[in-house]
Amino acid sequence: MSPRRILQIVGTVELATLVLMLLNLATVHAREVSQILGPVHGLAYTATVIAAVLVHGGSRRVWLRALIPGIGGLLASRAAPDRPEA
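Residues numbered from 1 in each chain as written. Predicted model: local features only at pLDDT ≥ 70, side-chain atom pairs only at ≥ 80, totals over all residues. Heavy atoms only, no water.

Colleague: Looking at this model, I keep getting lost on the overall build of the protein. Mind explaining?
Modeller: The helix and strand tally for the protein stands at four helices and zero strands. If you list the helices and strands of the protein from N to C, you get α-α-α-α. On the principal axes, the C-alpha backbone points of the protein span a range of 50 × 20 × 15 Å. A total of 86 residues make up the protein; the buried ones form 29% of that total. Partitioning the intrachain contacts of the protein with sequence separation of at least 6 by distance along the chain shows that 59% fall at a separation of at least 24. (Helix = DSSP H or I, 4+ residues; strand = E, 2+ residues; numbered from the N terminus. Buried < 20%, exposed > 50% of the residue type's maximum accessible area, 1.4 Å probe, protein only. Contact = heavy atoms within 4.5 Å.)

Colleague: Would you explain the packing of helix α1 (residues 3-26) against helix α2 (residues 31-54) in this entry?
Modeller: What describes two packed helices is the angle between their axes and the distance between those same axes. Closest axis-to-axis distance for the α1/α2 pair is 9 Å, and the angle between their directions is 150°. Considered as vectors, α1 and α2 are oriented roughly antiparallel to each other. Judged by the twist between their axes, the crossing of α1 over α2 is left-handed. Listed contacts from α2 to Ile6, Leu7, Val10, Gly11, Val13, Glu14, Thr17, Leu18, Leu20, Met21 and Asn24 of α1 are Val33, Ser34, Leu37, Gly38, Val40, His41, Ala44, Tyr45, Ala47, Thr48, Ala51 and Ala52. Of the residues that constitute the contact of α1 with α2, the class distribution is 15 nonpolar, seven polar and one charged. (Axes fitted to C-alpha atoms, helices over the stretch in contact; angles between N-to-C directions. Parallel < 35°, antiparallel > 145°, perpendicular 65-115°, else oblique. Left-handed = near helix turned anticlockwise from the far one by under 90°. Nonpolar A, V, L, I, M, F, W, Y, C, P; charged D, E, K, R; others polar.)

Colleague: What should I look at first to understand the confidence of the model for the protein in this one?
Modeller: Interpreting fine coordinate detail is not advised for predicted regions of low pLDDT. Per-chain confidence: the protein averages 89 in pLDDT, with 93% of residues scoring 70 or above. Averaged pLDDT values over the elements of the protein bottom out at 88 in helix α3 (residues 60-66) and peak at 94 in α2. (pLDDT = per-residue confidence, 0-100.)

Colleague: Sorry, what's going on with the environment of Ala51 here?
Modeller: On the secondary structure map, Ala51 appears in helix α2. Dropping the residues within four chain positions of it, Ala51 is found in contact with Ile6 and Leu7.

Colleague: When you look at unusual backbone geometry in this model, what are you seeing that I'm missing?
Modeller: Glycine aside, residues mostly have negative phi, and peptide bonds are mostly found in the trans state. A positive phi angle, near 50°, is found at His29, a position not held by glycine. Along the chain, His29 turns up in the loop between α1 and α2.

Colleague: Help me understand the side chain of His41 in this model?
Modeller: As for its position among the elements, His41 is in helix α2. Residues within four places of His41 in sequence aside, it is in contact with Glu14, Thr17, Leu18 and Met21.

Following this line, the structure appears as structure tokens:
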């Protein structure tokens, strides 16, 4: 699997969990949903940053973009190389 694809998957999970948490907050604010989605979002954010650091290919622009909460993983995937660096 290419580094770009890995960042796309993890970035999508990060963004989806953030959107679901905000929707929960704006509507019913179910405590159980927050207790589940909060840690999942935190893990997805951490995985996004770690994956971006591992595949950065000598450029800071990939992992610096991954630090942006919510959309950072998707931005980093656009800047990531298509193939892993040797």
